[in-house]
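Coordinate analysis (summary)
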Amino acid sequence: MSSQQQQQQTVNLNDLDLPSLQQVKVQLEEELSHLTQSYGKLKGAQARFLDCAESVESIKGEKADVFILTLILFFFVGNDYLYVPGKLSNVEKVIVDIGTGYYVEKTLEGAQKFYKSKEEYVKQNLEKLQETINGKQSSLRAIVNVMQDKFQQQQQQAATAK
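Residues numbered from 1 in each chain as written. Predicted model: local features only at pLDDT ≥ 70, side-chain atom pairs only at ≥ 80, totals over all residues. Heavy atoms only, no water.

1. Let's talk about the overall build of the protein chain
Basically, it comes down to this: Secondary structure elements follow DSSP: runs of H or I of four or more residues count as helices, runs of E of two or more count as strands, with numbering from the N terminus. Exposure is judged per residue with a 1.4 Å probe applied to protein chains only, and the accessible area is read against the type maximum: over 50% gives exposed, under 20% gives buried, and values in between give partly exposed. In what follows, residue pairs with any heavy atoms lying within 4.5 Å of each other are defined as contacts. We get accessible surface area from the Shrake-Rupley algorithm with a probe of 1.4 Å; when it comes to residues, only the shown protein chains can shield them.
The helix and strand inventory of the protein chain stands at 3 helices and 4 strands. Helices (α) and strands (β) of the protein chain occur, in sequence order from the N terminus, as α-α-β-β-β-β-α. The buried share among the 162 residues of the protein chain stands at 19%. In the protein chain, of all internal contacts separated by at least 6 residues, the share reaching a separation of at least 24 is 56%. Only carbon and sulfur atoms are counted for the fraction: they give 52% of the accessible area of the protein chain, which is about 12300 Å².

Given below as structure tokens:
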């Protein structure tokens, strides 16, 4: 049996008692919260990659020695923005942040291709994550339904025992 098959065990929810169902429900809610936060962060990354690609596109056709306002983001001061004056000295190449503090010089076409491929990669991961979230939400609804049924059964048994 593969490790994925071992992790994907099927449990009949009707066989579990209410405290066990409550534990599974809490665990699923925590997982859903984490997955939803991750989804939001990935959406933000996707938007940044699209913004970078658009920025590179906007440089095309510009002339050298043109003055521009450059955005600087201060993460340590509550994500405040600051624009400083700058000058485009080379409109054929740009510096690209490839992650973990590494930067490379790329042509405009190379930079745009890089950002588009990153955006596509994030998009694919968003789709997979959305499928996972949908599955967890479906499981959570099933657990809540079973819990409601069991609670009603307990109430009926208590009423008939009187």
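2. Concerning the pattern of salt bridges
Filter applied, for reference: Take a side-chain nitrogen of Lys or Arg and a carboxyl oxygen of Asp or Glu: if they are within 4 Å of each other, that pair is a salt bridge.
Overall, the coordinates contain 5 salt bridges when judged by the stated rule. Note that K60 and E57 form a salt bridge whose closest N and O atoms lie 3.5 Å from each other. Relative accessible area serves as the criterion here: at 39%, E57 is assigned to the partly exposed category. The residue K87 makes a salt bridge to D65 at a minimum N-O spacing of 3.7 Å. Taken together, the positions of K87 in strand 2 (residues 80-88) and D65 in the loop between helix 2 (18-59) and strand 1 (66-74) put the pair 22 residues apart, joining distant regions of the chain. For K87, a relative accessible area of 47% translates into the label partly exposed.

3. So, a nonpolar patch on the surface
The criterion, for reference: Patches in this entry comprise residues that are over 30% relatively accessible and not in a salt bridge; like charges within 9 Å are linked, as are nonpolar side chains (Val, Leu, Ile, Met, Phe, Trp, Tyr) within 5 Å.
Taken together, L69, L71 and Y83 make up a surface patch of nonpolar side chains, about 340 Å² in accessible area. Its place among the elements puts Y83 in strand 2.

4. A closer look at the pairing of strand 4 (residues 102-107)
Inclusion rule: By definition, two strands form a pair when at least two bridges between them are found by DSSP.
Here strand 4 lies mainly on the outside; 0 of its 6 residues are buried. Relative to strand 4, strand 3 (residues 93-99) runs antiparallel, the two being bridged by 6 bridges. Following the sheet pairing, V94 is matched in strand 4 by K106. If you look at the hairpin formed by strand 3 and strand 4, you'll find 2 residues sitting between the two strands, and T100 has a positive phi there, around 50 degrees.

5. Quick word on the environment of A111
Mapping A111 onto the fold places it in helix 3 (residues 108-161). You can call A111 buried: its relative accessible area is 0%. Separated by 55 residues in the primary sequence, A111 and V56 have C-alpha atoms spaced 7.1 Å apart. The contact partners of A111, leaving out residues within four places of it in the chain, are V56, V94, V96 and K106.

6. Brief notes about the packing of aromatic side chains
We count it as follows: Centres within 6.5 Å are what make two rings of Phe, Tyr or Trp a pair, Trp counting through its six-membered ring; a difference in plane orientation under 30 degrees is then read as stacked, over 60 as edge-to-face, and the rest as tilted.
Taken as a whole, this structure holds 2 aromatic pairs when the rule is applied. Look at F49 and Y115: their rings are 6.4 Å apart centre to centre, the planes differ by 35 degrees, and that puts the pair in the tilted class. Placement of F49 in helix 2 and of Y115 in helix 3 is noted, with a sequence separation of 66 residues between them. Judged by relative accessible area, which is 8%, Y115 ranks as buried. Ring geometry for F114 and Y115: centres 5.4 Å apart, planes at 70 degrees, overall edge-to-face. A single burial state applies to F114 and to Y115, both of which are buried. The structure contains a cluster of three or more aromatic residues connected by ring pairs, namely F49, F114 and Y115.

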